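Residues per chain, in single letters:
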Amino acid sequence: MASFSLALGTATKNRDGKIIEAFFPTPALNPSDELIAAVAAVVGYKEGNQAIEVTPAQCADLASAFTAAGEEKSAQFASKAAQSTQPLVIVVLATDEAPTSVAEGFLKLQLISNRLAKPHGIVLDGIFGLLHNIAWTSQGPIDLPELADRQIEARLNGEVLTVDCVDKFPKMVDYVVPAGVRIADTSRVRLGAHVGEGTTVMHEGFINFNAGTTGVSMVEGRISAGVMVGEGSDIGGGASIMGTLSGGGKVVVSIGENSLLGANAGLGFPLGDRCTIESGLYVTAGSKVRMLDSTGKEVEVAKARELAGKSDLLFRRNSVTGQIECLTNKTAVELNSELHSNN
């Protein structure tokens, strides 16, 4: 029977022996039945979704199993893991279901950041309750109850332990740096972000987990959890997109291709292709919008949600009346090709 995913990685444990994070350098989708059977023979996997701690000796046997299946990168990692003293874990996901362990959760986040799955393409239900806050430091992830002791220990050794952040989700680049991207401030992109090839994330840009871009995009604003931005679209400086965790409910707010969210603008409903929201204008799903024809005459008044997914629209605020207006967008967004040369 086909399986969903398989990955071997390292893990970090707290003083109680609990895994608090896991790193999977070569995650795989849809592993063959033969590989699953070979792995099961080594680690004792039976069925379902499991995270199994493994020994270095088992990793040597796993390397042979990966080699026989043609998974050379996984075989190379397994060979190196066989010489490691770090905790090791292998995760087998028979089906795509809500993760039930920290290792499963971290694998799924890394599947997205490795571009093996897209946001909303895999089940992440309950991941917030599954993960807990960790101190992400210059000495790696540390469970918060242990942080004070580790800081004292570092000082007594003449070292400084730097805490980069305290969060459930670490920086994406500490686990994977996708090809063809530019990220000015790496702390602004969380693990589980999908950063498409050709995307530039400027210093104030932000991409949350289970969100991101499909291809070439300029991100100077905030892409909230659950939001996807299409090829060629530009998120202006200070702009904000309402995510599924911050008021968007179950509606997937997205932006189509070649669209522009102007500086300090905001979006709370799905935007189509070749659309523009002018700078400083926040349009929520319930916003009343005056629909104008080509002559500037009002045709009707609609709620923004009624325009969800429609293309070639320009949203602006009338500087005299303050009303939100919508008319046909006559220009498409063209991103600067030099800015998006991320080779």
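Keep in mind the model is a prediction, meaning the values are calculated, not measured.

Rules and cut-offs
Residues numbered from 1 in each chain as written. Predicted model: local features only at pLDDT ≥ 70, side-chain atom pairs only at ≥ 80, totals over all residues. Heavy atoms only, no water. Pairing = 2+ DSSP bridges. Helix = DSSP H or I, 4+ residues; strand = E, 2+ residues; numbered from the N terminus. 1 Å grid on protein atoms, 1.4 Å probe; cavity = no way out; pocket = protein on both sides within 12 Å on 5 of 7 lines; lining within 4 Å. Points joined across faces, edges and corners; volume = space filled by probe spheres on them. Core = buried A, V, L, I, M, F, W, Y, C linked by side-chain atoms within 4.5 Å. Buried < 20%, exposed > 50% of the residue type's maximum accessible area, 1.4 Å probe, protein only. Phe/Tyr/Trp six-rings, centres within 6.5 Å; stacked < 30°, edge-to-face > 60°. UniProt positions renumbered as here; feature names shortened; annotations may be inferred. Contact = heavy atoms within 4.5 Å. Domains from an automatic or database assignment. Buried area = accessible area lost by both parts, 1.4 Å probe. Salt bridge = Lys/Arg side-chain N within 4 Å of Asp/Glu carboxyl O. Polar contact = N/O pair within 3.5 Å; in protein donor to acceptor, adjacent residues only side chain to side chain. Axes fitted to C-alpha atoms, helices over the stretch in contact; angles between N-to-C directions. Parallel < 35°, antiparallel > 145°, perpendicular 65-115°, else oblique. Left-handed = near helix turned anticlockwise from the far one by under 90°. Nonpolar A, V, L, I, M, F, W, Y, C, P; charged D, E, K, R; others polar.

(A) Looking closely at the sheet that holds strand S21 (residues 266-268). Spatial strand order, S12-S15-S18-S21-S23: five strands in an open sheet with parallel pairing. What marks the edges here is a single partner per strand, and that holds for strand S12 (206-207) and strand S23 (282-284). Looking at chain direction, S12 and strand S15 (residues 222-223) are connected through two bridges and run parallel. Note on S15: the bridge partner recorded for phenylalanine 206 is arginine 222.

(B) Representation of empty space enclosed by the protein within the structure. Under the criterion given, the structure shown has one cavity of 30 Å³ or more. By volume, the largest cavity is sized at about 30 Å³. Ile20, Val102, Phe106, Leu130, Leu131, His132, Ile134 and Lys168 are the residues that line the largest cavity.

(C) The arrangement of the nonpolar core in detail. If you look at the biggest cluster of nonpolar residues, it comprises 38 residues, and the most contacted ones within it are Ile223, Ile241, Leu261, Leu267, Ile277 and Phe315. Elements with a minimum of two residues in this core: strand S24 (288-292), strand S26 (313-317) and strand S27 (324-328). Counting 29 residues, the second largest nonpolar core, distinct from the first, contains Phe4, Ile19, Ile112 and Phe169.

(D) Layout of the packing of aromatic side chains. Enumeration over the complete set of coordinates arrives at seven aromatic pairs. A centroid spacing of 6.4 Å and a plane angle of 45° characterise the contact between phenylalanine 106 and tryptophan 136, whose relative ring orientation is tilted. Separated by 30 residues along the polypeptide, phenylalanine 106 in helix H4 (residues 102-113) and tryptophan 136 in strand S6 (residues 134-137) bring together distant segments of the chain. Judged by its relative accessible area of 1%, phenylalanine 106 is buried.

(E) A look at the UniProt feature "active site" (unreviewed entry) in the chain. On the UniProt side, "active site" (unreviewed entry) is annotated at positions that read Glu220 here. Relative to the helices and strands, glutamate 220 is located in the loop between strand S14 (218-219) and S15. Residue glutamate 220 is classed as partly exposed on the basis of its relative accessible area, which comes to 31%. In this structure glutamate 220 touches Met202, Glu204, Gly205, Asp234, Ile235, Gly236, Gly237 and Gly238, once residues within four positions along its chain are discounted.

(F) Quick peek at the side chain of threonine 276. Inspection of the secondary structure puts threonine 276 in strand S22 (residues 276-277). If near-sequence neighbours (up to four positions away) are discounted, threonine 276 is found in contact with Leu260, Leu313, Leu314, Phe315 and Asn329.

(G) The arrangement of the domain arrangement of the chain in detail. Looking at the assigned domains, one finds that the chain contains domain 1 (5-128), domain 2 (136-167) and domain 3 (172-340). The C-alpha-based centres of domain 1 and domain 2 are spaced at 27 Å. Across the contact, six residues belong to domain 1 and seven residues belong to domain 2. Counting the surface lost from both domain 1 and domain 2, the interface buries some 510 Å², and carbon and sulfur atoms represent 56% of this. Note that glutamate 146 is salt-bridged to arginine 15, the shortest N-O span being 3.9 Å. Put simply, domain 1 and domain 2 have three residue pairs in polar contact (both at pLDDT 80 or more) between them.

(H) Expanded view of the UniProt feature "binding site: Mg(2+)" (unreviewed entry) in the chain. Here, UniProt's "binding site: Mg(2+)" (unreviewed entry) annotation points to Glu204. Considering the arrangement of structural elements, one finds glutamate 204 in the loop between strand S11 (200-201) and S12. In this structure glutamate 204 comes out as exposed when scored by relative accessible area, which is 56%. If near-sequence neighbours (up to four positions away) are discounted, glutamate 204 is found in contact with Arg188, Glu220 and Gly221.

(I) Quick peek at the packing of helix H2 (residues 56-68) against helix H3 (residues 72-81). For the pair H2 and H3, interaxial distance at closest approach is 8 Å and the crossing angle is 165°. Between H2 and H3, the crossing angle belongs to the class labelled roughly antiparallel. Seen from above, H2 lies across H3 with left-handed handedness. Here H2 contributes Pro56, Cys59, Leu62, Ala63, Phe66 and Thr67 to the contact with H3, which in turn contributes Glu72, Ser74, Ala75, Ala78, Ser79 and Ala81. Looking at the contact of H2 with H3 residue by residue, the class counts come to eight nonpolar, three polar and one charged.

(J) Representation of the pattern of salt bridges within the structure. Under the criterion given, the structure shown has nine salt bridges. Among the salt bridges present, the one from lysine 108 reaches aspartate 96, with a minimum N-O distance of 2.4 Å. Linking lysine 108 in helix H4 with aspartate 96 in the loop between strand S5 (88-93) and H4, this pair joins segments that are twelve residues apart in sequence. Classification of lysine 108 by relative accessible area gives buried; the value is 1%. Among the residues examined, aspartate 96 registers a relative accessible area of 26% and is labelled partly exposed. Among the charged side chains, a network of salt bridges with common partners joins Arg290, Glu298, Arg316 and Glu325.

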